[in-house]
Amino acid sequence: MEPVIKTDKLSKRFGPFIACNELTFTVDKGEIFGFLGANGAGKTTAMRMLCGLLGPSSGEATVAGFDVYTQTEKIKKSIGYMSQKFSLYDDLSVAENIRFYGGIYGMSRPAIRTKTTELLEELGLQQEARTLVRELPLGWKQKLAFSVSIVHDPEIVFLDEPTGGVDPVTRRQFWDLIYAAADSGVTVFVTTHYMDEAEYCNRVSIMVDGVIAALDSPANLKQQYGAATMEDVFYELARKAKRKGD
Amino acid sequence: MKTLVFLLEKEFRQLLRSKQLIGILLIAPLIQLILLPMAADYSVKNISIVVVDNDHSTTSRKLIEKIVSSGYFRLKGYEDSYTAGLKMVEQDKADLALQIPIHFERDLVRENQKQVFVAINAIEGTKANLGGAYLGSIVKDFNEDIRLQWQVDNPAPTISVASSNWYNPLLNFKLYMVPAILVTLVTGLVAMQSAFNIVQEKESGTIDQINVTPIKKYVFIIGKMIPLMVLGIVLFTMGLLVGWLFYGVVPLGSWWVLYGSLVVYLFSMLGLGFMIATYCGTQQQAMSLSFFFINIFNMMSGVFTAVDSMPGWAQAIVTTFPPSHFIKIMRPVVLKGSGFQDILPEILWMLGLGLVLNTWAVLNYRKTS
Amino acid sequence: MRQLVIFIRKEFLHVFRDRKTLLMLFGLPIAQIVLFGFALSNEIKDSRIAVVDYSKDAVTQRLIAKIGSSPYFNIQRTLASADQIDAAFKKGDLKMAVTFPAGFGDDVIHTGKATMQVIADASDPNQATTITNYLNQIVADFNTELAAGSGQPMTIVPSMQMMYNPELRGAPNFVPGVMALVLMLVCTMMTSVAIVREKELGTMEILLVSPFRPVYIIISKLAPNLLISIVNLFVILFLSDIFLDLPVKGSFLLLVFGSVLFIMTCLSIGLLLSINAQTQQAAMTGSLMGMMLPTMLLTGFLFPIENMPLALRLLSNLVPSRWYFIIVKQVMLKGLGIGAIWKELLILGGMCVFLFTISLRKFKIRLQ
């Protein structure tokens, strides 16, 4: 299978501080790729480089076949992104948010209309189309934010700690959405703190002090480290860290 | 181009949805525009004067009478000595002390020249300037009166001055203040809102989302700029209306020139707001910083004291303030009917500053993101 | 008592940890004082004028030279015809145009009388009045010169003395004004934000359930702000003395006493605001919008209060900075003693006690 994300010794330095040190990995199409690490391990920096928000210091990387140095604008067209902070406008209604993000990705008006109906149905939010986002419960906002981030059918969606602060039931529902997206061929690149969520991923990489300390499927990792859960694997690796979390 | 439409649609929706904000943004400045020129009336009418008449002659009494009846001065009382008069000034009971020395009339006739002494409290410079000016011209008139009255033959050649005041013959100070106050109100609205608007997106995290979309930076900035420009233009128009209704100020110059320069001005001030926003992480910081700039602009752009009176280095600093140029456009265009050619240098200045500020904002925005 | 010390220490830590805000608290007032103090001035000099000389003789040449050499005027250009005056005014920079009719010099020498025309751009009425007067004085001098020293008969010469501020600098008026403005804003804003922040964070609840007396909470909240304001005050006074040549002429202690009274009044206002505000933003907006405009407008340093409509004049009595402004002017600039300001001190004191009592009571009510 053709990898949609491919990095080779990708590094980012801030002065003497090396945030990401020679990251090399690939992510395949339709894969759910978990990106784990303690606070300050360099996850967010790596993700920002792949999204075209931050220029790398050295190394190579392509996202959806586009170069992260020269083709960031093309990358942005092929990806979706959702951060731990909400990316929706509080003072716009559900439908208006979908319309806005569809519009800035260059979708046509009829396409946006069809997509809006579809999305609302999927989320069961038909009644709430005109409700302002600030009035929705937290879990709904997050599900809506995810749907909006893939409104333009991107090849890859980057999720930066998408489930912070919600209850287990909502998290479960959220992951159902992720699976559905992956089934339809969207590659999912997700960072998380929750180790149970790591278990849901096809493959997981664990970053420690700016380098990738382990990368494999959850089952293989547990076997390799002789651990019962991903939590134990993570703890085993993370405690070797010299850097302090920020 | 198509994305710009969606962006504008969103910005206008957000703007129009916050009805309370719009109310505050538009009503508060208008109330200020109605009140401020009334309060900011520098036309000095009631200069209080204390008189020390040591001569008690007919001439001295006539001089005092002429001063008091001029309408500019209010007689606070008489004192016996100059020292006592100065004390009145010292205690803020009078702005000005006039001493007519002993033998005033006698010496005037015998020696053809006599001094009177005037002490003015100069802490308030405008008042001191005008007090001196009014008194000077009254004394000059009086001088001519008494020459006529004593029918002295004046062999020496004399040049007299016929003075006239153009553009504001009634010397109505409010006319001068209305255009400038309108500028300060537009300034406050635009600088604060543009900084706020962006910082709000930063705080709520939506700006990150925008950054990963393929939207172009300049499209984003234009999308932010147009709604605020419309807001500024609406406020400006309402302000002109208030100026006309309450103060009878009707711009003499062309509307095209007025609104054309307004758009350029808004462009430059929005750039400043965006620039501030790139340095601030929270609304509180944005508020403090934009407040700081607004305060300095208001005080130094020539609204209250003339820029010409400042030392050279300060004038150089003021040149970099967009409002100073817009005030230099507004006053002549509104009051004198200046045309496009007349104000072209100021427009170019604002345009230049706008380009610098917007570029600065975009560059700094890139760096921090 | 020990509790209070501990609490005050905590408050100081809050304030001094936040370097950025601290910098703003000290930096911005100082920058404003220095900038305004040096830059603002009411002195009118080098006013640009244009000359239209239809006569071009020895007398007009001499008079033009005399006008040009005065510090008040700067002859920017010579116009060929009076028709160009309007266009020149519209360009903006010109303040006045002087026209000599044809045969001016002949008239002066032969008939002993001639009239020159002076047109001022009166869109700024005050400047127009002032420079017209300057021009009159110059012409009067010139007349005396023409009479070759013998002088005109019966000339009254006003000898004017600008007291306290001979160069008509802006600083003497603006320093007390900015002092009042800055102290007022900083005090109200800092206090209201400090308390509302604890509300937002929820730590206020913890304090309220502790066996700590509410009055202590208030005192310890006010203490750091009082200190910062006093430091600001000293820095401003120091800068004024060193850079702006405005030493405290009167009793230093008296000025500090008046200032502390004023600061306490402002802190009480901030306290009152914070009790009603729910968010930091509301507190900030309230203290900025609600305090800023009345302070700038009704203190009297920007606009002469006696010119205002009656309603505004009455309203100005309620603004603390108005009274403080008088105190600073009298003590700092004029060097007067307590005899000149006892009334203002009393008013400020009354305001302070009144506001503090009200906010204390309201604070208690909120507790129950």
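Residues numbered from 1 in each chain as written. Chains lettered and ligands numbered in written order. Predicted model: local features only at pLDDT ≥ 70, side-chain atom pairs only at ≥ 80, totals over all residues.

(A) Up close: the packing of helix H7 (residues 173-204) of chain B against helix H9 (residues 217-247) of chain B. Residues and elements named next belong to chain B. One way to put it is that H7 packs onto H9 with a least axis distance of 10 Å and a crossing angle of 155°. The orientation of H7 with respect to H9, classified from their angle, is roughly antiparallel. The two elements H7 and H9 cross, and the hand of that crossing is right-handed. For the pair H7 and H9, the contacting residues are Lys174, Val178, Leu182, Leu185, Val186, Leu189, Val190, Gln193, Ser194, Asn197 and Ile198 in the first and Lys224, Leu228, Leu231, Gly232, Leu235, Phe236, Gly239, Gly243 and Tyr247 in the second. Here the residues of the contact of H7 with H9 sort into twelve nonpolar, six polar and two charged. (Axes fitted to C-alpha atoms, helices over the stretch in contact; angles between N-to-C directions. Helix = DSSP H or I, 4+ residues; strand = E, 2+ residues; numbered from the N terminus. Parallel < 35°, antiparallel > 145°, perpendicular 65-115°, else oblique. Left-handed = near helix turned anticlockwise from the far one by under 90°. Contact = placed C-beta atoms within 7 Å. Nonpolar A, V, L, I, M, F, W, Y, C, P; charged D, E, K, R; others polar.)

(B) Seen up close, the sheet that holds strand S10 (residues 211-216) of chain A. Residues and elements named next belong to chain A. The six strands are arranged S6-S7-S8-S3-S9-S10 in an open sheet whose pairing can be described as mixed. Sheet topology places strand S6 (79-82) and S10 at the edges, where each strand pairs with a single neighbour. Averaged over all adjacent pairs, the angle separating strand axes in this sheet is 15°, with direction ignored. Together, strand S3 (32-37), strand S7 (156-160), strand S8 (187-191) and strand S9 (203-208) form the strand contacts of helix H1 (residues 43-50), whose direction differs from that of S7 by roughly 150°. Docked against the sheet, helix H8 (residues 218-225) engages S9 and S10, running at close to 110° with respect to S10. (Pairing = 2+ DSSP bridges.)

(C) View of the environment of A:Asp209. When you line up the elements, A:Asp209 lands in the loop between S9 and S10. Spatially, the C-alpha atoms of A:Asp209 and A:Glu135 are 40 Å apart, while their sequence positions differ by 74 residues.

(D) Representation of the pairing of S6(A) within the structure. All names here are of chain A. Residues Ile79 and Tyr81 of S6 are buried on one face, and the alternating residues Gly80 and Met82, pointing to the opposite face, are buried as well. Judged from the four bridges that link them, S6 and S7 form a sheet pairing that is parallel. Opposite Ile79, over in S7, you have Ile156 as the bridge partner. (Buried ≥ 20, exposed ≤ 12 C-beta atoms within 10 Å, placed from the backbone.)

(E) Representation of the nonpolar core in the model. Grouped together as the largest cluster of nonpolar side chains are 206 residues, with contacts concentrated most on B:Ala97, B:Ala195, C:Ala97 and C:Leu183. A per-element tally of this core places helix H7 (residues 171-201) of chain C first, with 19 residues. Each of domain 1 (47-163) and domain 2 (171-362) of chain C gives at least three residues to this core. Those residues in contact with C:Leu183 that lie beyond four places of it in its chain are C:Ser229, C:Asn232, C:Leu233, C:Phe262, C:Ile263 and C:Cys266. In terms of nonpolar packing, the next biggest core, distinct from the first, is built from 73 residues, A:Ile112, A:Ala145, A:Val157 and A:Phe189 among them. (Core = buried A, V, L, I, M, F, W, Y, C linked by C-beta atoms within 7 Å. Domains from an automatic or database assignment.)

(F) Representation of the interface of chain C and chain B within the structure. On the side of chain B, 91 residues touch chain C, which itself brings 88 residues to the contact. The element that contributes the greatest number of residues to the side of chain C that touches chain B is helix H6 (residues 125-146) of chain C, accounting for 16 residues. The class makeup of the residues in the side of chain C that touches chain B is 50 nonpolar, 29 polar and nine charged. As judged from the nine bridges shared by strand S4 (residues 113-121) of chain B and strand S5 (residues 155-163) of chain C, these two strands associate in the parallel manner. Across the sheet, B:Val116 pairs through a bridge with C:Pro158, a residue of S5(C).

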